[in-house]
Amino acid sequence: MNFQTKIYLAPMEGITTYVYRNAQAAVYGRLDKYFTPFLEPHEKRSFKKRELQEILPENNRGLYVVPQILTNRAEGFLELAESLRNYGYREMNLNLGCPSRTVVSKGKGAGFLAFPEELNRFLDTVFSGLAAAASDMRVSVKTRAGMESPEEFLRLLEIFNQYPLEELIVHPRVQKDYYNNRPNLAVYRLAQQKSRAPVCYNGDLFTRKDLEDFCAEFPEADRIMLGRGVIRDPGIAADRMTEEEAAERFRRFHGMVLEGYKGWNMGDRNVLFKMKELWFYQIRQFEGAEKLAKRIKKAQTLAEYEVAVSGLLG
Ligand SMILES: Cc1cc2nc3c(=O)[nH]c(=O)nc-3n(C[C@H](O)[C@H](O)[C@H](O)COP(=O)(O)O)c2cc1C
């Protein structure tokens, strides 16, 4: 890795699974932190099978993994903190960024930002609960700038500043932006100036150049979270390599991910679906490959997919 800055892999539902993060780390070098796609507290048991797979230590050997939690119930969060501790985790992350309607309508994810006083009580219960249990679990937050307007961010910062957050990860869009418009860098600057917790930037750094430009503009940024940029190019933060080496590594990486998902025994169609989802981002690495991209899109079976991909990967 040739960046001074710490680089984290963002949580992406269905994408940044343990299969993905292990392949990324093995082929391109370990990033500083890997966030799991969000987990939710459940009534009867701590984790669903797929969630458990994400956090099992044997599936994450040698990686610094931070489980992410989506909830607005402090009791559920505290119960998960205890379960995660038992699996060896000492850091977890609260999702205050998910913009999806179904999540937001329940007052979770970015939807929780519309209720700052409830959020304040939630954090109070979480941090006093951890202190009362003498727990050494550390908690970070991944937030948007607000629901409707970036002006909401000042009040949110005041709330965050009352608690000993491990770090504050800021994706400076508001919920109603979804992924449209541009990240609001003034919001990030404000966070840098006023946050008690260290601030991590997240949003729209898609290429190595974006990353370099960002680091030049914000030399004080010591941690950055990347989502779609890594999925587009899993070597985005790796040392520079020749074209041949990059092609060879990507072939290896793709093979590891494909084999990993085949091992999930979820049926060929689901493996195909997972791989196609990755290509939505990855294809941007392959300029002028529109024809091959179409063939990947069109593939109806895993066999057709493997033929189409071999055309691209050589
Ligand atoms: C398909 C998809 C799934 C995502 N899933 C999650 C999630 O589970 N938890 C979360 O906090 N953010 C999630 N995000 C948001 C990303 O973590 C990240 O904040 C966002 O993509 C902006 O960063 P980027 O521009 O580097 O991709 C998701 C984004 C996408 C596109």
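Not measured: the values here are computed from a predicted model.

Novice: Would you take a moment to explain the pattern of salt bridges for this structure?
Specialist: If the charged atoms of two oppositely charged side chains come close together, the side chains can form a pair. Tallied over the entire structure, the rule returns 22 salt bridges. Arginine 138 is the partner of glutamate 91 in a salt bridge, and the nearest nitrogen-oxygen pair spans 3.7 Å. Residue glutamate 91 is located in strand β5 (residues 91–96), and its partner arginine 138 is located in strand β6 (residues 138–146); the two are separated by 47 residues in the primary sequence. Note on glutamate 91: relative accessible area 2%, which makes it buried. Classification of arginine 138 by relative accessible area gives partly exposed; the value is 33%. For the salt bridge of lysine 262 with glutamate 306, the shortest nitrogen-to-oxygen distance reads 3.1 Å. Of this pair, lysine 262 sits in helix α10 (residues 243–262) while glutamate 306 is found in helix α13 (residues 302–313), placing the two residues 44 residues apart along the sequence. Connected via shared salt-bridge partners are Lys33, Glu91, Arg138, Glu166, Glu167, Asp222 and Arg223.

Novice: Could you clarify how one ought to interpret the domain arrangement of the protein in this entry?
Specialist: How big an interface is tends to be stated in terms of the accessible area lost upon association of its parts. As far as domains go, the protein holds domain 1 (6–232) and domain 2 (243–313). Each of domain 1 and domain 2 has a C-alpha centre, and the two are 28 Å apart. Here domain 1 packs against domain 2, burying approximately 1,700 Å² in sum over the two surfaces, 66% of which is carbon and sulfur. Of all residues in domain 1, Val27, Tyr28 and Arg232 give up the largest surface area on contact with domain 2, accounting jointly for 35% of the area buried on that side. Linking domain 1 with domain 2 are zero salt bridges. Top contributing element to the side of domain 1 that touches domain 2 by residue count: helix α1 (residues 18–28), with eight residues.

Novice: Explain the site of the ligand to me, please; I cannot follow it from the model alone.
Specialist: What surrounds the ligand is a group of 20 residues, the closest being Pro11, Gln68, Asn202, Asp204 and Arg228. Backbone polar atom of proline 11 to an oxygen atom of the ligand: 2.7 Å apart, as the coordinates give it. In this structure, glycine 227 approaches the ligand through a main-chain N or O atom, which is 2.8 Å from an oxygen atom. Coverage of the ligand by the protein chains reaches 90% of its 620 Å² of free accessible surface.

Quick notes on the rules
- Residues numbered from 1 in each chain as written.
- Predicted model: local features only at pLDDT ≥ 70, side-chain atom pairs only at ≥ 80, totals over all residues.
- Heavy atoms only, no water.
- Salt bridge = Lys/Arg side-chain N within 4 Å of Asp/Glu carboxyl O.
- Helix = DSSP H or I, 4+ residues; strand = E, 2+ residues; numbered from the N terminus.
- Buried < 20%, exposed > 50% of the residue type's maximum accessible area, 1.4 Å probe, protein only.
- Domains from an automatic or database assignment.
- Buried area = accessible area lost by both parts, 1.4 Å probe.
- Near = heavy atom within 4 Å.
- Polar contact = N/O pair within 3.5 Å; in protein donor to acceptor, adjacent residues only side chain to side chain.
- Areas by Shrake-Rupley, 256 points an atom, 1.4 Å probe, with all protein chains shown as cover.

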